[in-house]
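Secondary and tertiary structure notes
Here's the letter readout for the chains.
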Amino acid sequence: MTEKLPFTRREFLQGSLALMSTLGTVPGFLAHASAAPNTAAARGALTAGRTLVIIQLSGGNDGLNTVVPAGMDDYYRQRGGLAIPAGEVLTLDDRVGIGLHPALRPIQEMYLEGQATVVQGVGYPNPNRSHFASMDVWHAGDSRAADGHRGVGWIGRAFDQELRRGRSDSLSCVTIGEEAPMATQGREAKPVSFTRADLFSWSGKDLHDQVASAYDGLHEGLAPASNDDPVDFVFRTALDARAASTRVRRAVARDSQTDFPNNGLGRQLRAVSSMIAAELPTRIYYVALGGFDTHANQAGTHNRLLDQLATSVRAFYRELEAIGQSERVVTMAFSEFGRRVKGNGSNGTDHGTAGPVLLFGPKVRAGLIGSHPSLTDLDNGDLKFRVDFRSIYSALLDDWLGLDARAALGQRFRSAPVLEV
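In this report, the structure presented in the accompanying data block is examined. (Residues numbered from 1 in each chain as written. Predicted model: local features only at pLDDT ≥ 70, side-chain atom pairs only at ≥ 80, totals over all residues. Heavy atoms only, no water.)

1. A look at the overall build of the chain
If you tally the helices and strands in the chain, you get 12 helices and 13 strands. Residues counted as buried form 54% of the 421 residues belonging to the chain. A sequence separation of at least 24 residues applies to 73% of the contacts in the chain between residues at least 6 apart. Element-wise, carbon and sulfur atoms account for 47% of the exposed surface of the chain, whose accessible area totals about 17,800 Å². (Helix = DSSP H or I, 4+ residues; strand = E, 2+ residues; numbered from the N terminus. Buried < 20%, exposed > 50% of the residue type's maximum accessible area, 1.4 Å probe, protein only. Contact = heavy atoms within 4.5 Å. Areas by Shrake-Rupley, 256 points an atom, 1.4 Å probe, with all protein chains shown as cover.)

2. Focus on the nonpolar core
Counting residues in hydrophobic clusters, the biggest one holds 52 residues, and the most contacted among them are Met275 and Phe316. By residue number, the principal contributor to this core is helix H10 (residues 298-322), which donates 9 residues. (Core = buried A, V, L, I, M, F, W, Y, C linked by side-chain atoms within 4.5 Å.)

3. A short note on the packing of helix H4 (residues 105-112) against H10
Two elements in contact, H4 and H10, have axes separated by 7 Å at closest approach and are oriented at 45°. One way to sum up the angle between H4 and H10 is to call them oblique. Of the residues in H10, those in contact with Pro106, Ile107, Glu109 and Met110 of H4 are Leu309, Ala310, Thr311, Val313, Arg314, Tyr317 and Arg318. Partitioned by chemical class, the residues of the contact of H4 with H10 number 7 nonpolar, 1 polar and 3 charged. (Axes fitted to C-alpha atoms, helices over the stretch in contact; angles between N-to-C directions. Parallel < 35°, antiparallel > 145°, perpendicular 65-115°, else oblique. Nonpolar A, V, L, I, M, F, W, Y, C, P; charged D, E, K, R; others polar.)

4. Some words on the environment of Ile54
Positionally, Ile54 belongs in strand S2 (residues 51-57). Assessed through its relative accessible area of 0%, Ile54 is described here as buried. The residues contacting Ile54, other than those within four sequence positions of it, are Trp154, Ile155, Ile284, Tyr285, Tyr286, Val287, Met332 and Phe334.

5. A look at unusual backbone geometry
Even without being glycine, Glu279 reaches a positive phi, approximately 55°. Positionally, Glu279 belongs in the loop between helix H9 (264-277) and strand S9 (284-289). For Glu279, a relative accessible area of 42% puts it in the partly exposed group. Of note, the phi angle at Asn297 is positive, near 45°, even though the residue is not glycine. One can find Asn297 in the loop between S9 and H10.

Here is the structure:
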(Lines give C-alpha, C1' and ligand atoms only; values in the text may rest on other atoms or scores of the structure.)
Protein backbone atom coordinates (compact mmCIF):
# COMPACT_ATOMS: atom_id res chain seq x y z
CA MET A 1 0.00 0.00 0.00
CA THR A 2 1.29 3.38 -0.94
CA GLU A 3 2.06 5.67 1.97
CA LYS A 4 -0.24 8.67 2.04
CA LEU A 5 1.67 11.91 1.54
CA PRO A 6 1.00 14.81 3.89
CA PHE A 7 -0.04 16.93 0.92
CA THR A 8 -1.92 16.45 -2.35
CA ARG A 9 -0.19 16.78 -5.72
CA ARG A 10 -2.02 19.99 -6.45
CA GLU A 11 -1.26 21.39 -3.01
CA PHE A 12 2.36 20.51 -3.52
CA LEU A 13 2.60 22.33 -6.81
CA GLN A 14 0.63 25.34 -5.69
CA GLY A 15 2.47 25.51 -2.41
CA SER A 16 5.82 25.26 -4.13
CA LEU A 17 5.05 28.21 -6.34
CA ALA A 18 3.68 30.21 -3.46
CA LEU A 19 6.87 29.65 -1.53
CA MET A 20 8.90 30.57 -4.53
CA SER A 21 6.92 33.74 -5.11
CA THR A 22 7.89 35.03 -1.68
CA LEU A 23 11.43 35.26 -2.94
CA GLY A 24 11.01 36.06 -6.59
CA THR A 25 8.34 36.17 -9.23
CA VAL A 26 7.84 33.19 -11.47
CA PRO A 27 8.50 34.13 -15.08
CA GLY A 28 5.06 33.86 -16.60
CA PHE A 29 6.30 33.74 -20.17
CA LEU A 30 7.64 30.27 -19.39
CA ALA A 31 4.13 29.26 -20.30
CA HIS A 32 5.22 29.62 -23.89
CA ALA A 33 8.54 27.91 -23.58
CA SER A 34 7.30 24.62 -24.93
CA ALA A 35 5.57 26.30 -27.87
CA ALA A 36 8.40 28.62 -28.87
CA PRO A 37 10.11 27.36 -32.03
CA ASN A 38 13.86 26.98 -32.20
CA THR A 39 14.31 28.18 -28.62
CA ALA A 40 17.97 27.17 -28.44
CA ALA A 41 18.86 29.23 -31.49
CA ALA A 42 16.94 32.22 -30.16
CA ARG A 43 18.68 31.94 -26.80
CA GLY A 44 22.07 31.86 -28.51
CA ALA A 45 21.27 35.01 -30.47
CA LEU A 46 20.09 36.80 -27.34
CA THR A 47 23.20 35.85 -25.41
CA ALA A 48 25.36 37.46 -28.02
CA GLY A 49 23.17 40.57 -28.12
CA ARG A 50 23.18 43.95 -26.50
CA THR A 51 22.04 44.67 -22.98
CA LEU A 52 20.22 47.60 -21.38
CA VAL A 53 20.51 48.41 -17.68
CA ILE A 54 17.92 50.76 -16.19
CA ILE A 55 18.48 52.64 -12.94
CA GLN A 56 15.29 54.09 -11.48
CA LEU A 57 15.94 57.10 -9.21
CA SER A 58 12.80 56.96 -7.10
CA GLY A 59 11.28 59.97 -5.38
CA GLY A 60 11.79 62.69 -7.99
CA ASN A 61 15.44 63.64 -8.39
CA ASP A 62 16.27 67.34 -8.31
CA GLY A 63 17.48 67.72 -11.87
CA LEU A 64 18.46 71.38 -11.44
CA ASN A 65 21.00 70.45 -8.77
CA THR A 66 22.13 67.36 -10.70
CA VAL A 67 22.80 68.96 -14.08
CA VAL A 68 23.48 72.50 -12.94
CA PRO A 69 22.87 75.53 -15.22
CA ALA A 70 25.64 77.47 -13.51
CA GLY A 71 25.86 79.85 -16.45
CA MET A 72 22.31 81.09 -15.87
CA ASP A 73 22.03 83.90 -13.35
CA ASP A 74 18.39 82.98 -12.81
CA TYR A 75 19.48 79.65 -11.33
CA TYR A 76 21.13 81.45 -8.41
CA ARG A 77 18.30 83.96 -8.10
CA GLN A 78 15.65 81.26 -7.94
CA ARG A 79 17.46 78.62 -5.92
CA GLY A 80 19.04 80.88 -3.29
CA GLY A 81 20.83 78.89 -0.60
CA LEU A 82 20.14 75.56 -2.28
CA ALA A 83 22.11 76.53 -5.39
CA ILE A 84 25.41 74.76 -6.00
CA PRO A 85 28.17 77.42 -5.82
CA ALA A 86 29.59 78.11 -9.27
CA GLY A 87 33.11 77.26 -8.12
CA GLU A 88 32.00 73.74 -7.10
CA VAL A 89 30.11 72.84 -10.28
CA LEU A 90 31.90 70.22 -12.40
CA THR A 91 32.00 71.68 -15.89
CA LEU A 92 30.54 69.74 -18.80
CA ASP A 93 30.33 72.54 -21.33
CA ASP A 94 31.58 75.99 -20.35
CA ARG A 95 30.23 77.49 -23.56
CA VAL A 96 26.66 77.01 -22.34
CA GLY A 97 27.42 77.07 -18.62
CA ILE A 98 26.25 73.54 -17.82
CA GLY A 99 27.93 71.33 -15.23
CA LEU A 100 27.35 68.60 -12.67
CA HIS A 101 26.81 68.46 -8.92
CA PRO A 102 30.20 68.06 -7.19
CA ALA A 103 29.28 64.56 -6.01
CA LEU A 104 29.13 63.42 -9.63
CA ARG A 105 32.87 63.64 -10.40
CA PRO A 106 33.02 59.96 -11.50
CA ILE A 107 30.29 60.74 -14.04
CA GLN A 108 32.16 63.84 -15.20
CA GLU A 109 35.15 61.55 -15.81
CA MET A 110 32.97 59.22 -17.91
CA TYR A 111 31.57 62.22 -19.78
CA LEU A 112 35.05 63.45 -20.64
CA GLU A 113 36.01 59.93 -21.75
CA GLY A 114 33.01 59.81 -24.10
CA GLN A 115 30.97 57.38 -21.98
CA ALA A 116 28.18 59.56 -20.64
CA THR A 117 25.30 61.46 -22.19
CA VAL A 118 23.09 64.05 -20.52
CA VAL A 119 19.65 64.58 -22.07
CA GLN A 120 18.26 67.85 -20.74
CA GLY A 121 14.67 68.80 -20.02
CA VAL A 122 13.07 65.36 -20.38
CA GLY A 123 9.39 64.98 -19.58
CA TYR A 124 5.96 64.56 -21.15
CA PRO A 125 2.85 66.62 -21.97
CA ASN A 126 0.45 67.57 -19.17
CA PRO A 127 2.81 66.45 -16.40
CA ASN A 128 1.55 65.04 -13.12
CA ARG A 129 3.35 65.85 -9.85
CA SER A 130 2.09 62.73 -8.07
CA HIS A 131 4.85 60.16 -7.50
CA PHE A 132 2.54 57.30 -8.33
CA ALA A 133 0.85 58.84 -11.34
CA SER A 134 4.07 60.16 -12.87
CA MET A 135 5.96 56.91 -12.29
CA ASP A 136 3.05 55.09 -13.92
CA VAL A 137 3.47 57.32 -16.96
CA TRP A 138 7.19 56.52 -17.19
CA HIS A 139 6.53 52.82 -16.58
CA ALA A 140 3.69 52.54 -19.05
CA GLY A 141 5.43 54.65 -21.67
CA ASP A 142 2.08 56.36 -22.06
CA SER A 143 1.20 59.86 -20.81
CA ARG A 144 -2.42 58.72 -20.38
CA ALA A 145 -1.37 56.24 -17.71
CA ALA A 146 -1.80 58.91 -15.02
CA ASP A 147 -5.55 58.48 -15.46
CA GLY A 148 -5.37 54.76 -14.84
CA HIS A 149 -3.20 52.02 -16.26
CA ARG A 150 -3.67 48.34 -16.84
CA GLY A 151 -0.58 47.14 -15.09
CA VAL A 152 1.38 46.70 -18.30
CA GLY A 153 4.62 48.54 -19.04
CA TRP A 154 6.74 49.47 -22.03
CA ILE A 155 9.32 46.74 -21.46
CA GLY A 156 6.64 44.13 -20.84
CA ARG A 157 4.89 45.01 -24.09
CA ALA A 158 8.19 44.78 -25.98
CA PHE A 159 8.74 41.26 -24.66
CA ASP A 160 5.09 40.35 -25.29
CA GLN A 161 5.87 41.07 -28.93
CA GLU A 162 9.01 38.93 -28.75
CA LEU A 163 6.96 36.09 -27.27
CA ARG A 164 4.57 36.21 -30.17
CA ARG A 165 7.57 35.94 -32.46
CA GLY A 166 9.04 33.06 -30.45
CA ARG A 167 12.13 35.04 -29.55
CA SER A 168 11.95 35.36 -25.78
CA ASP A 169 13.69 33.59 -22.94
CA SER A 170 12.81 33.03 -19.32
CA LEU A 171 15.60 35.43 -18.35
CA SER A 172 14.98 38.16 -20.95
CA CYS A 173 14.26 40.68 -18.20
CA VAL A 174 15.69 40.57 -14.67
CA THR A 175 14.76 43.03 -11.93
CA ILE A 176 16.33 43.43 -8.50
CA GLY A 177 14.11 44.88 -5.79
CA GLU A 178 11.17 44.33 -3.48
CA GLU A 179 8.77 44.04 -6.39
CA ALA A 180 8.98 43.93 -10.15
CA PRO A 181 8.34 47.39 -11.64
CA MET A 182 5.22 47.84 -13.70
CA ALA A 183 7.46 48.83 -16.62
CA THR A 184 8.63 45.23 -16.88
CA GLN A 185 5.19 43.62 -16.71
CA GLY A 186 3.63 42.46 -19.95
CA ARG A 187 0.28 40.87 -20.57
CA GLU A 188 2.08 37.55 -20.90
CA ALA A 189 5.76 38.31 -20.48
CA LYS A 190 6.93 38.67 -16.88
CA PRO A 191 10.37 39.43 -15.49
CA VAL A 192 12.45 37.32 -13.21
CA SER A 193 12.50 39.36 -10.01
CA PHE A 194 14.29 38.94 -6.72
CA THR A 195 15.66 40.98 -3.84
CA ARG A 196 18.68 38.81 -3.14
CA ALA A 197 19.98 36.24 -5.58
CA ASP A 198 20.98 33.84 -2.80
CA LEU A 199 17.34 33.70 -1.67
CA PHE A 200 15.96 33.30 -5.18
CA SER A 201 15.26 29.57 -4.94
CA TRP A 202 12.58 27.02 -4.28
CA SER A 203 12.20 26.65 -0.53
CA GLY A 204 9.88 23.66 -0.33
CA LYS A 205 12.68 21.58 1.18
CA ASP A 206 12.38 23.74 4.27
CA LEU A 207 8.73 22.73 4.62
CA HIS A 208 9.01 18.94 4.74
CA ASP A 209 11.48 16.26 3.61
CA GLN A 210 8.76 14.55 1.61
CA VAL A 211 8.03 17.81 -0.20
CA ALA A 212 11.67 18.00 -1.24
CA SER A 213 11.69 14.34 -2.28
CA ALA A 214 8.54 14.71 -4.35
CA TYR A 215 9.84 17.88 -5.97
CA ASP A 216 13.11 16.21 -6.89
CA GLY A 217 11.01 13.48 -8.48
CA LEU A 218 9.76 16.02 -10.98
CA HIS A 219 13.25 16.10 -12.42
CA GLU A 220 13.40 12.34 -12.82
CA GLY A 221 10.97 11.91 -15.68
CA LEU A 222 7.82 11.82 -13.57
CA ALA A 223 6.31 14.96 -15.09
CA PRO A 224 2.93 14.62 -16.78
CA ALA A 225 2.87 15.34 -20.49
CA SER A 226 -0.54 16.94 -21.04
CA ASN A 227 -0.58 20.48 -22.42
CA ASP A 228 -4.19 21.05 -21.42
CA ASP A 229 -4.19 20.44 -17.69
CA PRO A 230 -3.64 23.71 -15.74
CA VAL A 231 -1.81 21.73 -13.09
CA ASP A 232 0.55 20.39 -15.73
CA PHE A 233 1.20 23.94 -16.83
CA VAL A 234 2.10 24.92 -13.28
CA PHE A 235 4.21 21.80 -13.12
CA ARG A 236 6.29 22.82 -16.13
CA THR A 237 6.50 26.41 -15.01
CA ALA A 238 7.86 25.33 -11.65
CA LEU A 239 10.58 23.31 -13.34
CA ASP A 240 11.62 26.18 -15.60
CA ALA A 241 11.52 28.67 -12.74
CA ARG A 242 13.79 26.42 -10.72
CA ALA A 243 16.22 26.23 -13.63
CA ALA A 244 16.19 30.04 -13.99
CA SER A 245 16.83 30.58 -10.28
CA THR A 246 19.74 28.14 -10.36
CA ARG A 247 21.33 29.99 -13.28
CA VAL A 248 20.92 33.35 -11.54
CA ARG A 249 22.35 32.15 -8.23
CA ARG A 250 25.34 30.56 -9.90
CA ALA A 251 26.00 33.71 -11.91
CA VAL A 252 25.80 36.10 -8.97
CA ALA A 253 28.04 33.89 -6.85
CA ARG A 254 30.91 34.82 -9.15
CA ASP A 255 33.51 37.19 -7.70
CA SER A 256 34.00 40.50 -9.45
CA GLN A 257 37.40 41.47 -10.80
CA THR A 258 37.19 45.04 -9.53
CA ASP A 259 35.84 46.78 -6.46
CA PHE A 260 32.30 48.10 -6.00
CA PRO A 261 31.13 50.60 -3.38
CA ASN A 262 29.43 48.90 -0.44
CA ASN A 263 26.04 50.52 -0.87
CA GLY A 264 22.67 49.41 -2.17
CA LEU A 265 23.11 50.44 -5.79
CA GLY A 266 26.70 49.20 -5.83
CA ARG A 267 25.58 45.74 -4.72
CA GLN A 268 22.79 45.66 -7.31
CA LEU A 269 25.14 46.63 -10.14
CA ARG A 270 27.75 44.16 -8.94
CA ALA A 271 25.11 41.42 -9.23
CA VAL A 272 24.16 42.65 -12.71
CA SER A 273 27.81 42.63 -13.82
CA SER A 274 28.12 39.03 -12.61
CA MET A 275 25.06 37.98 -14.60
CA ILE A 276 26.44 39.76 -17.66
CA ALA A 277 29.78 37.98 -17.15
CA ALA A 278 27.92 34.67 -17.03
CA GLU A 279 26.34 35.59 -20.37
CA LEU A 280 22.77 35.04 -19.25
CA PRO A 281 20.39 35.71 -22.14
CA THR A 282 19.05 38.82 -20.39
CA ARG A 283 18.30 41.86 -22.54
CA ILE A 284 17.20 44.25 -19.79
CA TYR A 285 18.25 44.52 -16.14
CA TYR A 286 16.27 46.86 -13.87
CA VAL A 287 17.60 48.24 -10.55
CA ALA A 288 16.59 51.16 -8.34
CA LEU A 289 17.92 53.77 -5.95
CA GLY A 290 15.34 55.50 -3.74
CA GLY A 291 15.23 58.47 -1.39
CA PHE A 292 15.16 61.40 -3.83
CA ASP A 293 11.99 62.95 -2.40
CA THR A 294 13.95 65.77 -0.77
CA HIS A 295 11.32 68.13 0.64
CA ALA A 296 13.48 69.14 3.63
CA ASN A 297 17.19 69.60 4.28
CA GLN A 298 17.97 68.47 0.78
CA ALA A 299 21.66 69.26 0.45
CA GLY A 300 23.18 66.42 2.49
CA THR A 301 20.75 63.74 1.35
CA HIS A 302 21.05 64.71 -2.29
CA ASN A 303 24.84 64.76 -2.09
CA ARG A 304 24.87 61.25 -0.58
CA LEU A 305 22.49 59.83 -3.19
CA LEU A 306 24.32 61.35 -6.13
CA ASP A 307 27.62 60.06 -4.75
CA GLN A 308 26.10 56.57 -4.57
CA LEU A 309 24.87 56.84 -8.14
CA ALA A 310 28.15 58.13 -9.53
CA THR A 311 30.52 55.77 -7.73
CA SER A 312 28.33 52.74 -8.46
CA VAL A 313 27.98 53.45 -12.18
CA ARG A 314 31.70 54.16 -12.48
CA ALA A 315 32.53 50.90 -10.71
CA PHE A 316 30.04 49.01 -12.87
CA TYR A 317 31.72 50.10 -16.10
CA ARG A 318 35.18 49.45 -14.74
CA GLU A 319 34.08 45.88 -14.03
CA LEU A 320 32.48 45.55 -17.47
CA GLU A 321 35.72 46.75 -19.05
CA ALA A 322 37.71 44.23 -16.99
CA ILE A 323 35.55 41.35 -18.21
CA GLY A 324 35.41 42.63 -21.78
CA GLN A 325 31.66 43.32 -21.84
CA SER A 326 31.36 47.11 -21.71
CA GLU A 327 30.79 47.52 -25.45
CA ARG A 328 27.48 45.68 -25.29
CA VAL A 329 25.96 47.46 -22.30
CA VAL A 330 24.09 50.78 -22.24
CA THR A 331 22.74 52.14 -18.94
CA MET A 332 19.96 54.68 -18.45
CA ALA A 333 19.20 56.55 -15.21
CA PHE A 334 15.84 58.34 -14.90
CA SER A 335 13.48 59.74 -12.29
CA GLU A 336 9.70 60.19 -12.42
CA PHE A 337 10.00 64.00 -12.34
CA GLY A 338 12.33 66.82 -11.38
CA ARG A 339 11.74 69.38 -8.61
CA ARG A 340 10.22 72.85 -8.75
CA VAL A 341 12.56 75.65 -9.74
CA LYS A 342 12.30 77.54 -6.45
CA GLY A 343 13.17 75.93 -3.17
CA ASN A 344 10.62 75.64 -0.38
CA GLY A 345 10.83 76.97 3.16
CA SER A 346 12.39 73.78 4.54
CA ASN A 347 15.70 73.90 2.69
CA GLY A 348 14.26 71.44 0.23
CA THR A 349 12.39 71.30 -3.04
CA ASP A 350 8.89 70.14 -3.98
CA HIS A 351 7.61 68.01 -6.82
CA GLY A 352 8.23 69.49 -10.24
CA THR A 353 8.20 68.28 -13.80
CA ALA A 354 11.02 67.97 -16.35
CA GLY A 355 14.48 66.70 -15.46
CA PRO A 356 17.60 65.18 -17.02
CA VAL A 357 18.07 61.58 -18.14
CA LEU A 358 21.61 60.17 -17.99
CA LEU A 359 22.99 57.45 -20.23
CA PHE A 360 26.27 55.60 -19.90
CA GLY A 361 28.49 53.28 -21.88
CA PRO A 362 31.00 53.28 -24.74
CA LYS A 363 28.19 53.27 -27.31
CA VAL A 364 26.30 56.36 -26.15
CA ARG A 365 26.62 59.62 -28.05
CA ALA A 366 28.57 61.46 -25.41
CA GLY A 367 27.72 65.06 -24.66
CA LEU A 368 24.75 67.25 -23.92
CA ILE A 369 21.58 66.42 -25.84
CA GLY A 370 19.12 69.27 -26.20
CA SER A 371 19.25 72.68 -24.58
CA HIS A 372 18.56 73.42 -20.94
CA PRO A 373 14.95 74.48 -20.23
CA SER A 374 14.40 78.18 -19.59
CA LEU A 375 14.38 79.29 -15.96
CA THR A 376 12.12 82.24 -16.72
CA ASP A 377 9.63 80.79 -19.22
CA LEU A 378 8.02 78.41 -16.75
CA ASP A 379 4.81 76.40 -16.52
CA ASN A 380 3.31 77.48 -13.19
CA GLY A 381 6.75 77.51 -11.61
CA ASP A 382 7.98 74.33 -13.31
CA LEU A 383 10.38 73.68 -16.15
CA LYS A 384 8.86 73.05 -19.57
CA PHE A 385 9.99 69.76 -21.01
CA ARG A 386 11.88 69.75 -24.31
CA VAL A 387 12.46 66.05 -24.94
CA ASP A 388 9.69 63.47 -24.70
CA PHE A 389 11.01 60.55 -22.63
CA ARG A 390 9.51 58.10 -25.11
CA SER A 391 11.94 59.26 -27.78
CA ILE A 392 14.72 57.90 -25.53
CA TYR A 393 12.80 54.65 -25.01
CA SER A 394 12.43 54.41 -28.78
CA ALA A 395 16.19 54.75 -29.30
CA LEU A 396 16.94 52.11 -26.66
CA LEU A 397 14.36 49.64 -27.97
CA ASP A 398 14.71 50.08 -31.71
CA ASP A 399 18.31 51.17 -32.14
CA TRP A 400 20.00 49.38 -29.26
CA LEU A 401 18.05 46.23 -28.51
CA GLY A 402 16.36 45.66 -31.86
CA LEU A 403 12.95 45.39 -30.17
CA ASP A 404 9.71 46.78 -31.54
CA ALA A 405 9.39 50.27 -30.06
CA ARG A 406 6.09 50.95 -31.78
CA ALA A 407 4.54 47.86 -30.24
CA ALA A 408 5.96 48.80 -26.84
CA LEU A 409 4.87 52.45 -26.91
CA GLY A 410 1.65 52.18 -28.86
CA GLN A 411 2.79 54.71 -31.42
CA ARG A 412 5.95 55.67 -33.23
CA PHE A 413 8.34 58.20 -31.68
CA ARG A 414 11.40 59.55 -33.42
CA SER A 415 14.44 58.16 -31.62
CA ALA A 416 16.48 60.66 -29.62
CA PRO A 417 20.09 60.86 -30.86
CA VAL A 418 21.61 59.27 -27.78
CA LEU A 419 23.56 56.36 -29.32
CA GLU A 420 26.54 55.86 -31.59
CA VAL A 421 25.14 52.88 -33.47
